[in-house]
Amino acid sequence: MAIRFESLDSDGMGRCGKLSVGTKIMKTPALLPVINPHLQIVTPAEMKKMGVEAIITNAYIFNQSVQYRNQVLAEGLHTVLDFDGVIMTDSGSFQLSVYGEVSVSNLETLSFQRDIQSDIWVPLDIPTPPSADRAAAERDLAITMERLREAKETFGIDAPIAAPVQGSLYYDLRERAGREAGGLGFPFCPIGAVVPLMEGYRYRELVQVVMAVQKALPRSACVHLFGAGHPAMFALATAMGCDLFDSAAYALFAKEARYLTPHGSYKVDELVELPCACDVCRTHTSAELRTSKDRERLLALHNLYVTLAEIARIRQAIIDGTLWELVDERCRSHPQLLSGYRELLNYGETLEAHDRVSKRRFFFQGNESCQRPEVIRYQRQTPRFRLGSKVHIAFDGRIRDGFTDTLLFKPPFGPYPREIKETFPIGQSEIPDWDEAMVRQGCRGIRNLIASHPKSRFVISCSARWLPVVQSELSGVEVCE
Ligand code: GUN
Ligand code: ZN
């Protein structure tokens, strides 16, 4: 029954992977739709036909249900839900975070999850909210870690147990929790208690939490972002190395008559058109959808289609090496998502260490692109150029006499020898007319090059337009027309 994870393709810290749980295999990134057994607005069997390979449901609800408890113990979860894919069960921790207590212990919930034949079990972790003080966060985390150790000792490391990572907004605690969960050998680690951050659009802090955990988790672990969320944030979360999401958003939004899109949601009353290719939207007008007696179910179906399509788009972007372009595009749909993206770019060194070497393309999409890991990677490599005594850097690409070497210039990357004109990222990058931020970033590439070649003399030729930028970034450097 062991859980195994294998990464097949990657871009940024995101990966397309294969998660095996016993004999079942699923693709990642993936969305696990949340199933409430009492309100199956879209059934697991219908989801299976839509391409869903895994779902998540709540063991606590089954345990407390007069209707379901004995049936699920006798027949197993897959029969009761009519779903033969991967079923993950949550423990009741979410109820714990809402109601403050639950009538089940850690070992009881884990045994129950085993007995109902769940594929992935979750211990009774304590989701510490972002508002908690440090002492409370430490206390809660100590209990969560003790429960993880108890789970491992009782059921063995090959039991399909997820190890939630807690620690509230204390990044050192998140890091410690990640290190300990990885150290205990858990191959599957959900990042917990982030729902309040996502509900509050606190994406900058979400990025800090996830990156603190990622610093400590082994790369071999499959990372689940608990309770995420809206499809607009999946690309950003994937770029941070989150492999799985579970979301009730498709149903919760439908209940409130809201229509999801990959860039935000609408109240269905606001929609004149249905801007989507799914079956629901192509067979109904907005008026029909609004007034249908099946409105909630139709919206849930549409919301699920949109969410699944976004996951497919993300997987394709990883394969193509265009995940950063997708993240950039999605994060422009809300200012707080843009803050999250900007925050992530502050982790340039970490991202650069994971980013893949070659990609299909690099599209410059604005100032944020200057900080992308491809730019950092390129500028770190320029010290390896072998140069003679007198080097010319030609912004206009025109070769002049009297130099041992001539380098061309492509912002935001910087100087490059003609020989790598066709090589990634120089050859595959598409940039618009130069602007100041871009040239400034390119000058940082020149600065690295100069610093790493103390025996060479450098002369830059640039037009009057870029002279002030060159002089402010590279003071003292020789410039000619
Ligand atoms: N669902 C959303 N957040 C959490 C969490 O932190 N822990 C568990 N077990 N389930 C969750
Ligand atoms: Zn649709």
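Up top you'll find the structure we're talking about.
From a predicted model like this one, the values you see are computed outputs, not experimental measurements.

This paragraph deals with the site of ligand 1. Near ligand 1, the surroundings consist of Asp90, Ser93, Val122, Asp125, Pro127, Gln166, Gly192, Ala193, Val195 and Phe226. Measuring from a nitrogen atom of ligand 1, one finds a side-chain N or O atom of aspartate 90 at 2.6 Å. Between ligand 1 and the protein, one listed contact pairs a nitrogen atom with a side-chain N or O atom of aspartate 125 at 2.8 Å. Its residues assigned to classes, the shell around ligand 1 comprises 5 nonpolar, 3 polar and 2 charged.

For the structure shown, the criterion picks out 36 salt bridges. Here aspartate 11 and lysine 359 are joined by a salt bridge, their closest N and O atoms 2.6 Å apart. Taken together, the residues span a long stretch of sequence, with aspartate 11 in strand S1 (residues 3-11) and lysine 359 in the loop between helix H18 (348-354) and strand S13 (362-363) at a distance of 348 residues. Per residue, the accessibility class of aspartate 11 equals that of lysine 359, and both read buried. Arginine 372 is the partner of glutamate 325 in a salt bridge, and the nearest nitrogen-oxygen pair spans 3.4 Å.

Our next topic: the coordination of the zinc ion (ligand 2). Around the zinc ion (ligand 2), the protein supplies Cys276 (SG), Cys278 (SG), Cys281 (SG) and His302 (ND1) as donor atoms, at distances of 2.1 to 2.3 Å. Around the zinc ion (ligand 2) sit 4 donor atoms; with metal-centred angles ranging over 98 to 118°, the donor geometry is tetrahedral. Counting gaps between the donor residues of the zinc ion (ligand 2) yields the pattern C-x1-C-x2-C-x20-H. Separated by 24 residues along the polypeptide, cysteine 278 in the loop between strand S12 (264-267) and helix H13 (279-283) and histidine 302 in helix H15 (residues 295-320) bring together distant segments of the chain. Both residues of the pair, cysteine 278 and histidine 302, count as buried.

To continue, consider unusual backbone geometry. The residue after threonine 28, namely proline 29, is reached through a cis peptide bond having omega -5°. For the bond running from proline 411 to proline 412, omega is 5°, close enough to zero to count as cis. Mapped onto the elements, proline 412 comes out in the loop between strand S15 (405-410) and strand S16 (414-417). Even without being a glycine, serine 168 presents a positive backbone phi close to 55°. Relative to the elements of secondary structure, serine 168 occurs in the loop between helix H7 (134-155) and helix H8 (171-183). Of note in this structure, tyrosine 201 is not a glycine but carries a positive phi near 55°. You can see tyrosine 201 is positioned in the loop between helix H9 (195-199) and helix H10 (203-216).

Turning our eyes to something else, we now look at the packing of H10 against helix H17 (residues 335-345). It is the contact of H10 with H17, at a shortest axis distance of 7 Å, that shows an interaxial angle of 35°. For the crossing formed where H10 meets H17, the hand is right-handed. Residue-level inspection shows Tyr203, Arg204, Val207, Gln208 and Met211 of H10 in contact with H17, the latter providing Gln336, Leu337, Ser339, Gly340, Glu343 and Leu344. Of the residues assigned to the contact of H10 with H17, the class counts are 5 nonpolar, 4 polar and 2 charged.

Below, the discussion takes up the sheet that holds strand S14 (residues 390-394). Whether parallel or antiparallel, the strands of a sheet pair through hydrogen bonds between backbone atoms. Taken in spatial order, the 5 strands of this open sheet run S16-S15-S14-S18-S19, and their pairing is mixed. Of all the strands in the sheet, just S16 and strand S19 (478-480) have a single pairing partner and so form its edges. Neighbour-to-neighbour, the strand axes of the sheet open up by a mean angle of 35°, direction not taken into account. Examined bridge by bridge, S15 and S16 share 4 bridges and lie antiparallel to one another. Looking at S16, one finds that phenylalanine 409 is bridged to proline 415.

With that settled, consider the nonpolar core. In a soluble, globular protein the nonpolar side chains are often hidden away together inside. Counting residues in hydrophobic clusters, the biggest one holds 101 residues, and the most contacted among them are Leu225, Met233, Leu236, Phe245, Val327 and Leu344. The residues touching methionine 233, leaving out its near neighbours within four places in the chain, are Met198, Tyr203, Leu206, Leu225, Ala228 and Leu337. If you look at the next biggest cluster of nonpolar residues, it comprises 30 residues, including Val375, Leu387, Leu408 and Ile426.

This next bit is on the pairing of strand S11 (residues 258-261). Put simply, side chains in a regular strand alternate between the two faces of the sheet. Direction of pairing for S11 relative to S12: antiparallel, over a ladder of 4 bridges. Residue pairing in the sheet places arginine 258 in a bridge with lysine 267 of S12. Hairpin connection, S11 to S12: the antiparallel pair is bridged by 2 residues.

Bringing the side chain of aspartate 119 into the picture now. Relative to the helices and strands, aspartate 119 is located in the loop between helix H6 (106-115) and strand S7 (120-121). A polar atom in the side chain of aspartate 119 sits 2.8 Å from the side chain of histidine 78. Within polar-contact distance, the side chain of aspartate 119 engages the backbone nitrogen of isoleucine 87 at 2.7 Å. Non-local contacts of aspartate 119, meaning those with residues more than four positions away in its chain, are made with Met1, Val21, Lys24, His78, Gly85, Val86, Ile87 and Pro160.

Rules used in this analysis
Residues numbered from 1 in each chain as written. Chains lettered and ligands numbered in written order. Predicted model: local features only at pLDDT ≥ 70, side-chain atom pairs only at ≥ 80, totals over all residues. Heavy atoms only, no water. Near = heavy atom within 4 Å. Polar contact = N/O pair within 3.5 Å; in protein donor to acceptor, adjacent residues only side chain to side chain. Nonpolar A, V, L, I, M, F, W, Y, C, P; charged D, E, K, R; others polar. Salt bridge = Lys/Arg side-chain N within 4 Å of Asp/Glu carboxyl O. Helix = DSSP H or I, 4+ residues; strand = E, 2+ residues; numbered from the N terminus. Buried < 20%, exposed > 50% of the residue type's maximum accessible area, 1.4 Å probe, protein only. Donors = N, O, S within 2.8 Å, 3.2 Å for Na, K, Ca; no water. Tetrahedral: all angles 85-135°; square planar, octahedral: opposite > 155°, others 65-115°. Axes fitted to C-alpha atoms, helices over the stretch in contact; angles between N-to-C directions. Left-handed = near helix turned anticlockwise from the far one by under 90°. Contact = heavy atoms within 4.5 Å. Pairing = 2+ DSSP bridges. Core = buried A, V, L, I, M, F, W, Y, C linked by side-chain atoms within 4.5 Å.

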